[in-house]
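The primary structure of each chain is shown beneath.
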Amino acid sequence: MRTIILSLIFAITGVLAQAETLTLGSVNDNVRKHLDRFAPLAAYLERELADHGITEVAISVLPTSQDMVEALSSNQVDLYFDSPLVAARVAREAGAEPFLRRWKRGVGSYHSLIIVPTDSPLQSIEDLVGRRIGFQDPDSTSGFLLPLDMVLQAGLDVIELPNREADFSSDALGYVFTQDDKNTVLWLAKGWIDAAATDPRGFAMLEKARPGQYRALAQSMEVPRQVVISRKGLSPELAEIIKQKLIALEDSDEGKKIMKKFHKTTRFDEFPDGVEATFAPIYALLSRLDVLRLY
C-alpha cells in the first residue's frame, strides 16, 4: 500500500509539473514528516513566484535516491534538497546541477572526523587495521562516505560487519553501521568500537560529556553542509529568480521562521568557491567509491 501511495504522489506531481508547477523534492521514508517541513517553504515560493509563471509549488517525497534520479531526469522534480555527497551522486546520474548551498543549524560547510579515546594506542588511520569503527549509515556524508574515502585512500581493506561483536580478518578494518550519529559516539564511549566517524557537532557533544577523553585521529576534506540541486533544463531566468527568493529568506523574521521549520535551515547562499571548485573533489571521491563498488 505504501508503494502505491508513493506512486500516486509521484504520478500526480508529474501531471502538475505540466501545469506550471514547481516541484520540490526530497528522499525519505517518512513522507508526512517531510511534507510538514516543506510546506511553509513551498507556500512562500508559491506566493513569491506567482508573478513569474508559477501557479503552484508541489512537494515530492520519494523513498530512494534512485527514484530521485528518475524524477529529475523526467522533469518531475525541479529542485532537490539533500546532503552533498548523496545529492552529487544523484545530480551526476540525472544530469542535474548544483544550485545553492543550504546552511543547517548555522553551519555552511563541515567535515568528517575519525575519533578515538585520548589514551588509545591508535595514532594514524593505518593503525585501524584489525579494529572496529562505527559508521552511521550508507547515505551519511560525514558518518560514512567521507571517512570511508579517507580509510580507502590510506590503503586499508574494509569489511562490513553484521553487528559490533562479529569476528573478521585481522588484516582489515571492520565497520558496523550504528544507524544514528548519537549511537556512534555512544558506542565509542561504551568501548564497543575502537573508533567512530562523526562530524564536529558529534565530537563537540562527546567533548561536552567527557572533556579531554577523546581526540581526532583524522579529518576529511570540507564539503557544503547541505545542497540544493536543480534539474537539467530548468529555465535560467526562473532559476535565478528562485535563487534570489531563497537567499532573501534570511532578511525577514518570517523568512527565518520558514527556514527554521525547514530542517533547521539558517541560510541559503551561492557556493563561495564556485560550483566547479566545490564539486570537483566530491565527484572525484564518488568515482573512487564507484570503482571499488562500495557506493
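Thresholds, definitions, all that
Residues numbered from 1 in each chain as written. Predicted model: local features only at pLDDT ≥ 70, side-chain atom pairs only at ≥ 80, totals over all residues. Heavy atoms only, no water. Helix = DSSP H or I, 4+ residues; strand = E, 2+ residues; numbered from the N terminus. Rg over C-alpha atoms; globule rule 2.2 N^0.38 Å. Buried < 20%, exposed > 50% of the residue type's maximum accessible area, 1.4 Å probe, protein only. Contact = heavy atoms within 4.5 Å. Areas by Shrake-Rupley, 256 points an atom, 1.4 Å probe, with all protein chains shown as cover. pLDDT = per-residue confidence, 0-100. Salt bridge = Lys/Arg side-chain N within 4 Å of Asp/Glu carboxyl O. Pairing = 2+ DSSP bridges. Axes fitted to C-alpha atoms, helices over the stretch in contact; angles between N-to-C directions.

### Quick notes on the overall build of the chain
Now for step 1: Within the chain, the secondary structure is distributed over 10 helices and 14 strands.
Now for step 2: Against the 2.2 N^0.38 benchmark of 19 Å for 295 residues, the chain shows a C-alpha radius of gyration of 20 Å, consistent with a compact globule.
Now for step 3: If one aligns the C-alpha atoms of the chain with their principal axes, the spans along those axes are about 65 × 40 × 40 Å.
Now for step 4: When each of the 295 residues of the chain is scored for burial, the buried share is 50%.
Now for step 5: Residue pairs at least 24 apart in sequence account for 76% of intrachain contacts in the chain once pairs closer than 6 positions are excluded.
Now for step 6: Accessible surface, the chain: about 13800 Å² in total, of which carbon and sulfur atoms supply 50%.

### Describing the confidence of the model for the chain
Now for step 1: On average, residues of the chain score 91 in pLDDT, and 92% of them reach the 70 mark or higher.
Now for step 2: When the criterion is pLDDT under 50, residues 1-19 qualifies, and its contacts beyond four places in sequence or with other chains add up to 21 contacts.

### Looking at the pattern of salt bridges
Now for step 1: Applying the stated criterion to the full structure yields 12 salt bridges.
Now for step 2: Taking the shortest distance from any N to any O, the salt bridge between E48 and K245 comes out at 3.1 Å. One end of the pair, E48, is in helix α2 (residues 31-48); the other, K245, is in helix α8 (residues 236-247), with 197 residues separating them in the sequence.
Now for step 3: Between R288 and D149 there is a salt bridge, with the nearest N and O atoms lying 2.7 Å from each other. Of this pair, R288 sits in helix α10 (residues 275-291) while D149 sits in helix α5 (residues 141-153); the two residues are 139 residues apart in sequence, bridging distant segments of the chain.
Now for step 4: Owing to a relative accessible area of 8%, D149 belongs among the buried residues under this scheme.
Now for step 5: The network of salt bridges with common partners includes R47, E48, K245 and E254.

### A few points about the sheet that holds strand β8 (residues 158-160)
Now for step 1: With mixed pairing, the six strands of this open sheet are ordered in space as β8-β9-β7-β10-β6-β11. Taken across any chain shown, the strands that pair with only one partner, and hence form the sheet edges, are β8 and β11 (214-219). Strand after strand, the sheet turns through a mean of 30° between neighbouring axes, direction not considered.
Now for step 2: For strand β6 (residues 113-117) and strand β10 (residues 195-198), the ladder comprises three bridges, and the chain directions are antiparallel. Within β10, the residue paired with I115 across the bridge is A196.
Now for step 3: Its contacts with the sheet put helix α6 (residues 181-190) on β6, β7 (132-135), β9 (173-177), β10 and β11, and the angle it makes with β10 is roughly 160°.
Now for step 4: In the packing of helix α7 (residues 200-209) onto the sheet, the strands contacted are β6, β10 and β11, and the crossing angle to β11 comes to about 165°.

### What about the sheet that holds strand β3 (residues 79-82)?
Now for step 1: Strands sit in the order β2-β1-β3-β13-β4-β14 across an open sheet of six strands; the sheet is mixed. The outermost strands of the open sheet, each flanked by one partner alone, are β2 (56-62) and β14 (265-269). Within the sheet, the average angular offset between the axes of one strand and its neighbour, ignoring direction, is 25°.
Now for step 2: Each of β1 (21-27), β2 and β3 touches α2; the most contacted strand, β2, lies at about 160° to it.
Now for step 3: Helix-sheet contacts for helix α4 (residues 84-94) involve β3 and β13 (226-230), and the interaxial angle to β3 is about 145°.

### Brief notes about the pairing of β7
Now for step 1: The alternating pattern of β7 places R132 and G134 and I133 and F135 on opposite faces, both of which are buried.
Now for step 2: Of the pairings in the sheet, the one linking β7 to β9 comprises four bridges and is parallel in character. Counted as the bridge partner of G134 is V176 from β9.
Now for step 3: Where β7 lies against β10, two bridges are found, and the strand directions are parallel. Looking at the pairing, G134 lines up with A196 of β10.

### A short note on unusual backbone geometry
Glycine aside, the phi torsion of most residues is negative, and most peptide linkages are trans.
Now for step 1: Here Q179, not a glycine, exhibits a phi torsion of approximately 75°, which is positive.
Now for step 2: You can see Q179 is positioned in the loop between β9 and α6.

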